[in-house]
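# Understanding the architecture of this molecule
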Amino acid sequence: FRPDGALVQVGSDYGALTGVYSRKTAHVDVLDSLEENLEVNCLRHRELAGLQNISYYKGEICSYALQDGSIKEVFAKENAVSAKKYDYIVFAGTLGENAKEEIRAAKALLKPEGELLVAACNPFGLKYWAGAQKDAYSFSKSALIRLLSAQDRGRDVKFYYPMPDYRIPVTIFSDDYLPGKGDLTDTVTAYDYPPYLALDIGASYDAVCEDGQFDRYANAYLAIWRQRGDLGDEERAEYIKYNRTRKEAFQIKTVIFGKPRRVAKTALAADGAEHIASFKKKCRGLNRQHLNLRFAMPDTMDGIAGFPYIEGHTLSEQLGEAVRDGKAPVDTVKEAMETMLAADPSCLQPFQVTPEFIQVFGEMPLKALEGGVSLQVSNIDMLFENILLGEETYCLDYEWVFF
């Protein structure tokens, strides 16, 4: 969002997103038909009262756009501004029974280059085939295109695919960066999954992705429509992954941008800046140590690390091909391990059980570990899926590195 933008939140529930919009835009108008929701929302964001950039209105967007005088303002100092136009209008799971009229009303309230954002569950998402409960109002991709698109073909709508759903997204894909077979095999089950699933979701997504049908069977959509201008004109995120289950000091998001493609890792909390800044030291140590692997040096600043986007196939994919061909690729795995672990002799040392080792792996019988050889710089992220084969062999991840 642009910091000088004005935003309408259509349907607020108890205000889980209102504070985010308030911090990211100049003004937020909250519309909700339930007075209880507005009361809780107002109490929840009392600490933001000093910003004076949230107003609350009881009513629906159709009435608000028609300016028929039926809007009852709640907890706001000024009356509703009838001629107001907005940069953003957001339906986060709140597009309802009168979706067609609601979208028409929202478009009427947008500025010439304003954007309409709709997050909704997909009734054909594999999560729901497995037995999870759909939202009261859910929309397929085709239905959203018919609702949003002026051309009825979707050319003026940009789709994102939040997984496992739009409420608690861990990974967000786009049409420019769709998942392939294997990317969703270990899909984390969401909190609202039933105790017994009607199908193997990971295997089903493998089949869907391999056949190029992911966009039709994604669990949810985030659709963005712009009043005027091509949404493809500017640089936007093509892929986002959030790591929020760690301690705050290690919580990050990874974003792949387009035009040209590049990767950015950003700390999600102020405490994470040190973790991001440590990537350069880790990269230098690993590049000095490894003979066959390269590690891309980041540009780091203010809690953000920027990396080049490197093309290629992963070692995991190569080994997977061998397994699919009915082979037991023991020699291939051995060769891969030797490639990954080949190191400058000066970087080898006797293994020691350090406090850092115990922190990661827990207590172990010391006898089983005696006599081993250790690398000076230990990269816990050196997995087959992080080894990229191309003109040079790169290790794509070195976030968990110990000296």
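Right above here is the structure, for reference.
As a starting point, this report considers the structure included with it. This structure is a prediction, so every number in the text was calculated from the model and none was measured.

With that out of the way, let us pick up the packing of aromatic side chains. For the coordinates displayed, the defined rule picks out 18 aromatic pairs. Plain terms: the ring middles of Tyr57 and Tyr64 are 5.8 Å apart, the flat faces sit at 45° to each other, and that makes the pair tilted. Residue classification places Tyr64 among the buried residues on the basis of a relative accessible area of 6%. Pairing Tyr177 with Tyr239 gives two aromatic rings, centres 5.0 Å apart and planes at 40°, and the pair type is tilted. Linking Tyr177 in the loop between strand S8 (171–174) and helix H7 (201–210) with Tyr239 in strand S10 (residues 237–243), this pair joins segments that are 62 residues apart in sequence. According to the relative accessible area criterion, Tyr177 is partly exposed, its value standing at 22%. Members of the aromatic cluster, each reached through a chain of ring pairs, are Phe159, Tyr161, Phe173, Tyr177, Tyr205, Phe214, Tyr221 and Tyr239. Above the ring of Tyr309, the side-chain terminus of Arg261 is found at 5.0 Å from the ring centroid.

Quick look at the packing of helix H11 (residues 315–324) against helix H12 (residues 330–341) now. Packed helices, taken two at a time, are described by their axes: the angle between them and the distance between them. Their axes nearest at 11 Å, the elements H11 and H12 cross at an angle of 165°. When the axes of H11 and H12 are compared, the pair comes out roughly antiparallel. Where H11 crosses over H12, the two elements pack in a sense that is right-handed. Seen from H11, the contacting residues are Leu315, Gln318 and Leu319; seen from H12, they are Thr332, Val333, Ala336 and Met340. The residue inventory of the contact of H11 with H12, partitioned by class, reads five nonpolar, two polar and no charged.

The subject of this paragraph is the environment of Leu315. The residue Leu315 is located in helix H11 in this model. Judged by its relative accessible area of 6%, Leu315 falls in the buried class. Spatially, the C-alpha atoms of Leu315 and Tyr398 are 16 Å apart, while their sequence positions differ by 83 residues. Setting aside anything within four residues of it in sequence, one finds Leu315 in contact with Ala336, Met340, Phe384, Ile387 and Leu389.

Parameters at a glance
All residue numbers refer to positions counted from 1 along the written sequence of the respective chain. Since the coordinates come from a predicted model, pLDDT governs what is reported: local features require at least 70, and pairs of side-chain atoms require 80 or more to be given and counted, while whole-chain, interface and lining totals use all residues. Note that the side-chain values use all heavy atoms of the structure and ignore hydrogens as well as water. Pairing of aromatic rings covers Phe, Tyr and the six-membered ring of Trp, with a centre-to-centre limit of 6.5 Å; geometry is then stacked below 30 degrees between planes, edge-to-face above 60, and tilted otherwise. Relative accessibility thresholds used throughout: buried, under 20% of the residue-type maximum; exposed, over 50%; partly exposed, between the two (1.4 Å probe, protein chains only). Secondary structure elements are taken from DSSP: a helix is a run of H or I of four residues or more, a strand is a run of E of two residues or more, and numbering for both begins at the N terminus. Counted as over-ring charges are cases with an Arg CZ or a Lys NZ within 6 Å of the ring centre that also lie within 35 degrees of the ring normal. Between N-to-C directions, angles cover 0 to 180 degrees, with each direction set by a line fitted to C-alpha atoms, over the stretch in contact for helices. Between 65 and 115 degrees an angle is taken as roughly perpendicular, under 35 as roughly parallel, over 145 as roughly antiparallel, and anywhere else as oblique. Here is the rule for handedness: rotate from the far helix to the near one, and if that takes an anticlockwise turn smaller than a right angle the crossing is left-handed, while a clockwise turn gives right-handed. Any pair of residues with heavy atoms lying within 4.5 Å of one another is described as a contacting pair. When residues are sorted by character, Ala, Val, Leu, Ile, Met, Phe, Trp, Tyr, Cys and Pro go into the nonpolar class, Asp, Glu, Lys and Arg into the charged class, and all the rest, Gly among them, into the polar class.

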